[in-house]
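Structure assessment
Below are the chains, spelled out letter by letter.
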Amino acid sequence: MSTKVSDHILERLRAWEVEHVFAYPGDGINGLLAAWGRADNRPEFVQARHEEMSAFQAVGYAKFSGRVGVCAATSGPGAIHLLNGLYDAKLDHVPVVALVGQTDRSAMGGSYQQEVDLLSLYKDVASDFCAMVTVPEQLPNVLDRAMRTAIARRTVTAVIVPADVQELDYSAPDHAFKMVPSSLGMTRSAPVPPDQDIERAAELLNEGEKVAVLIGQGARGARQEVMEIADQLGAGVAKALLGKDALDDDLPYVTGAIGLLGTRPSYEMMRDCDTLLVIGSSFPYTQFLPEFGQARAVQIDVDPHMVGLRYPFEINLVGDARETLRRLLPLLRPAEGHSWRKQIERNTARWWDVMQRRAAVGADPINPEYVAHTLDELLPDDVILAADSGSAANWYARHLRLRAAMRGSLSGTLATMGPGVPYVIGAKFAHGDRPAIALVGDGAMQMNGLAELITIAKYWERWADPRLVVAVLNNQDLNQVTWEMRAMSGAPQFLPSQSLPDVAYADFARSLGLDGMRVEKPEAVRGAWQAALTADRPCVIDFRTDPAVPPIPPHASLDQIESAAAAVLKGDSDRAAMVRQGFKAKVQDMLPGRRHREDRPGAAEGP
């Protein structure tokens, strides 16, 4: 039997060592589906409930495996549905290849059913490489370039294959005019800056007295080198949220996350430093970096398109983080004196004390910070974590201390709702022998997570470690936006947009053959986590949490907090009635950095 174009596509993916394609069927890829049948489902077709979830699963797979993620969808609506997940990959610099069907060539331009101009639609999200295959000889070059470009540039690429082309007999490109042959594979490279630029950077860093280091996901492969740099310079290390797992949180000089979801010691370190070293991060919020003119700064990034952003850096080093730091280290002098480092360590230790107190604050019925803080002590050493967007991301960023082999991620730049559950599904296909946890709000769970429990039920028995915990912070409120409205606009909660129905998440999980439990009292939180983390199957925990616990940013002023409190108290609704008489005092007590200020001689007030 002849090899069809669809057969060759799967054969080429196998040659690229692609093991899974996250997809949803449709007649625009019928040829590919038939080829999967002929290929004994290799690479494995992983069926989501929705194409957007397929894309998110590919992103989660790529983030946690370090390999390219591949997703596939039919023409028209299927291709459109992929877009949100693909933009998530593009903005977080994750390699993902999308295989998309299209109507037959003979119908193009005829306003045919499900005909969408996919080249125009994908022009932005797959701007580095997007091509439509119209004759068999275009393969394998198009597919090879899509794979190589996605890997090399850490981005999204797309291959569009009309339905009739999938059914054609495959013929390789000839040794002839206007034929483009191709070859498999690519080597890994680790570029480094010129020696003279590294020497300039070393001189600048050696002159600093109060050095702050900011790392992102680009520093993940340079854990040891970052620790050595920090020790040599007497520096503290803050982490962009996508780099949360790049360095251990239990190191005394690691101040944790930075930015709106960040920590007080990270804010203070950036406020007071005189020198800044940024490694593998394009952290976008300039206001959380030192004041312009306050600090001299060096940036290291492997991508020349991403250097020089966010801050007026004096030296931009384009190179692999690990190799660049290895060349930089011998040129650095040990820091003189230890007062700066000790101050950072004191501030960080105090922050964790504040986090413990915040988690212990009474709430009705459960403080969501207590849910996350309790999990922190129970995290398996090899856990994979995903947080969804919303207030859940705050508790992930501030309360969970990642260390050693632990991995964690979320939608960092797009900050889209809904990837938490599909991320951990993708992670389990990458690492079926490791436990995974998704920390999601009830809004995200209702948007995407509930349906993807069906996907978990479909596949979990093949995973060597069956543990996959979905923790739902159920406060019946789109909480992050509610608090943004209160803090920024002084507006009360607008119930028609913010109020959510109470859903029996655990019951639904049990109806699928999974584990599930509803937790409504603080004293049951620890036991629920322990039961889920020792269960013989995936588990959903429905934590009933208090919507009146605010995700306060570390730089918030008392005026902003008072404005938010006033907005809650003037809301004439059942939800507002949940706020107790002492709400303002409660919130003020939870604000990091307010207690024990007298213990910090000379400490400047926050903004």
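All values reported here derive from a predicted model rather than from experimental measurement.

Check the secondary structure of the chain and you find 22 helices and 18 strands. When its C-alpha atoms are laid out on the principal axes, the chain stretches across 80 × 65 × 45 Å. For the chain, contacts bridging at least 24 residues in sequence account for 75% of all contacts bridging at least 6. Surface accessibility of the chain: about 23600 Å² in total, with carbon and sulfur atoms responsible for 50%. Taking the average location of the 62 positive side-chain charges in the chain and that of its 77 negative ones, the two points are 2 Å from each other.

The subject of this paragraph is the sheet that holds strand β12 (residues 315-318). Note on sheets: strands pair through backbone hydrogen bonds, and any given pair is parallel or antiparallel. The six strands are arranged β9-β8-β7-β10-β11-β12 in an open sheet whose pairing can be described as parallel. At either end of the open sheet lies a strand with only one pairing partner, and these are β9 (254-257) and β12. Looking at each pair of strands side by side, their axes are set apart by 15° on average, direction ignored. Across four bridges, strand β7 (residues 211-215) lies against strand β8 (residues 236-239) in parallel orientation. Paired with Val213 across the bridge in β8 is Val237. Relative to the sheet, helix α11 (residues 321-328) contacts β10 (275-279), β11 (296-301) and β12, its axis offset from that of β11 by approximately 130°.

In this section: the sheet that holds strand β17 (residues 515-519). The strand order across the open sheet formed by six strands is β14-β13-β15-β16-β18-β17, and the pairing between neighbours is parallel. This sheet does not close on itself; its edge strands, each paired only once, are β14 (407-409) and β17. Each strand axis lies, on average, 15° off the axis of its neighbour in the sheet, ignoring direction. Here three bridges tie strand β13 (residues 384-387) to β14, and the two strands are oriented parallel to one another. By the bridge assignment, Ile384 is partnered in β14 with Arg407. Each of β13 and β14 is contacted by helix α3 (residues 51-65), which is oriented at about 140° to β14, the strand it contacts most. Where helix α14 (residues 391-399) meets the sheet, it contacts β13, β14, β15 (436-441) and β16 (468-474), and its direction lies at approximately 135° from that of β15.

A few words on the pattern of salt bridges. Side chains that differ in charge, positive against negative, can pair when their charged atoms come close. Evaluation of the coordinates by the stated rule reveals 37 salt bridges. Note that Lys4 and Asp169 form a salt bridge whose closest N and O atoms lie 4.0 Å from each other. With Lys4 in the segment before α1 (5-15) and Asp169 in the loop between α7 (163-166) and α8 (195-207), this pair connects stretches of sequence that are 165 residues apart. The class for Asp169 is partly exposed, based on a relative accessible area of 45%. In this structure, the salt-bridge partner of Lys90 is Asp124, at a minimum N-O distance of 3.7 Å. Placement of Lys90 in helix α4 (residues 77-91) and of Asp124 in the loop between α5 (118-121) and β5 (130-132) is noted, with a sequence separation of 34 residues between them. Through salt bridges with shared partners, a single ionic network connects Glu225, Arg322, Glu323, Arg326 and Arg327.

What follows covers the confidence of the model for the chain. In the predicted model, the chain carries a mean pLDDT of 91, and 91% of its residues have values of at least 70. Low pLDDT, under 50, characterises residues 572-586; the stretch is placed with 32 contacts to residues that sit more than four places away or in other chains. In the predicted structure, residues 588-607 sits below a pLDDT of 50 and forms 44 contacts with residues beyond four places in sequence or in another chain.

Before going further, it helps to spend a moment on the packing of aromatic side chains. In the structure shown here, the tally under the stated rule is 11 aromatic pairs. Judged by centre distance (6.4 Å) and plane angle (80°), the rings of Phe56 and Tyr423 are edge-to-face. Residue Phe56 is found in helix α3, and its partner Tyr423 is found in helix α15 (residues 420-430); the two are separated by 367 residues along the sequence. Just as Phe56 is buried, Tyr423 falls in that class too. Their ring planes at 85° and their centres at 6.4 Å tell us that Tyr285 and Phe288 sit as a pair that is edge-to-face. Taking the relative accessible area as the measure of exposure, Phe288 reaches 4% and is therefore buried. Following the ring pairs from residue to residue traces out a cluster consisting of Phe22, Tyr61, Phe429, Tyr459 and Trp463.

Bringing the nonpolar core into the picture now. Within the largest apolar cluster, 55 residues are counted, with the highest numbers of intra-cluster contacts made by Leu86, Tyr122, Ile456 and Val470. Here this core takes eight residues from α3, the largest share from any one element. In this structure Val470 touches Val421, Ala438, Val440, Met445, Leu453, Ile456, Cys539, Val540 and Ile541, once residues within four positions along its chain are discounted.

This part is about the pairing of β16. Most of β16 sits inside the fold, with seven of its seven residues counted as buried. Burial of the side chains of β16 extends over both faces: Leu468, Val470, Val472 and Asn474 are buried on one face and Val469, Ala471 and Leu473 on the other. Bridge analysis of β16 against strand β18 (residues 539-544) gives six bridges, and the strand direction is parallel. Within β18, the position partnered with Val470 by the bridge is Val540.

Here we take up unusual backbone geometry. Cis geometry marks the peptide bond from Leu139 to Pro140; its omega dihedral reads 10°. Topologically, Pro140 is positioned in the loop between β5 and α6 (141-153). Here the bond from Asp364 into Pro365 is cis, since omega is 5°, no more than 30 degrees from zero. Position of Pro365 among the secondary structure elements: in the loop between α12 (339-360) and α13 (368-376). For Ser111, which is not a glycine, the phi torsion comes out positive at approximately 50°. The phi torsion at Arg154 lies on the positive side, around 50°, for a residue other than glycine. Inspection of the secondary structure assignment puts Arg154 in the loop between α6 and β6 (156-162). Looking at Arg154, the relative accessible area reads 26%, which means it is partly exposed.

Calculation notes
Residue indices follow the written sequence of each chain, beginning from 1 at its first position. Where totals are concerned, whole chains, interfaces and linings use all residues; where local detail is concerned, this predicted model gives features only for residues with pLDDT of at least 70, and gives and counts side-chain atom pairs only at 80 or more. Hydrogens and water molecules were not included; the side-chain quantities draw on all heavy atoms of the structure. Helix numbers and strand numbers start at the N terminus; a helix is a DSSP run of H or I with at least 4 residues, a strand a run of E with at least 2. In what follows, a contact means two residues having at least one pair of non-hydrogen atoms within 4.5 Å. Each accessible area value is a Shrake-Rupley result obtained with a 1.4 Å probe; residue values ignore everything except the protein chains displayed when judging cover. Positive charges are assigned to Lys and Arg, negative charges to Asp and Glu, while His and the chain termini are left out of the count. By convention, the charge on Lys lies at NZ, on Arg at CZ, on Asp at CG and on Glu at CD. A pair of strands is treated as paired once DSSP finds two or more bridges between them. Interaxial angles span 0 to 180 degrees and are taken between N-to-C directions of axes, which are lines fitted to C-alpha atoms, for helices over the stretch in contact. Salt bridges are defined by distance alone: a side-chain nitrogen of Lys or Arg within 4 Å of a carboxyl oxygen of Asp or Glu. Only protein chains enter the calculation, and the probe is 1.4 Å; a residue is then buried if its accessible area is under 20% of its type maximum, exposed if over 50%, and partly exposed in between. Per-residue confidence from the predictor is given as pLDDT, running between 0 and 100. Only the six-membered ring of Trp is used, alongside the rings of Phe and Tyr, when aromatic pairs are assigned; centres must lie within 6.5 Å, and planes under 30 degrees apart are stacked while those over 60 apart are edge-to-face, with the rest tilted. Put simply, buried Ala, Val, Leu, Ile, Met, Phe, Trp, Tyr and Cys residues joined by side-chain atoms within 4.5 Å make one nonpolar core.

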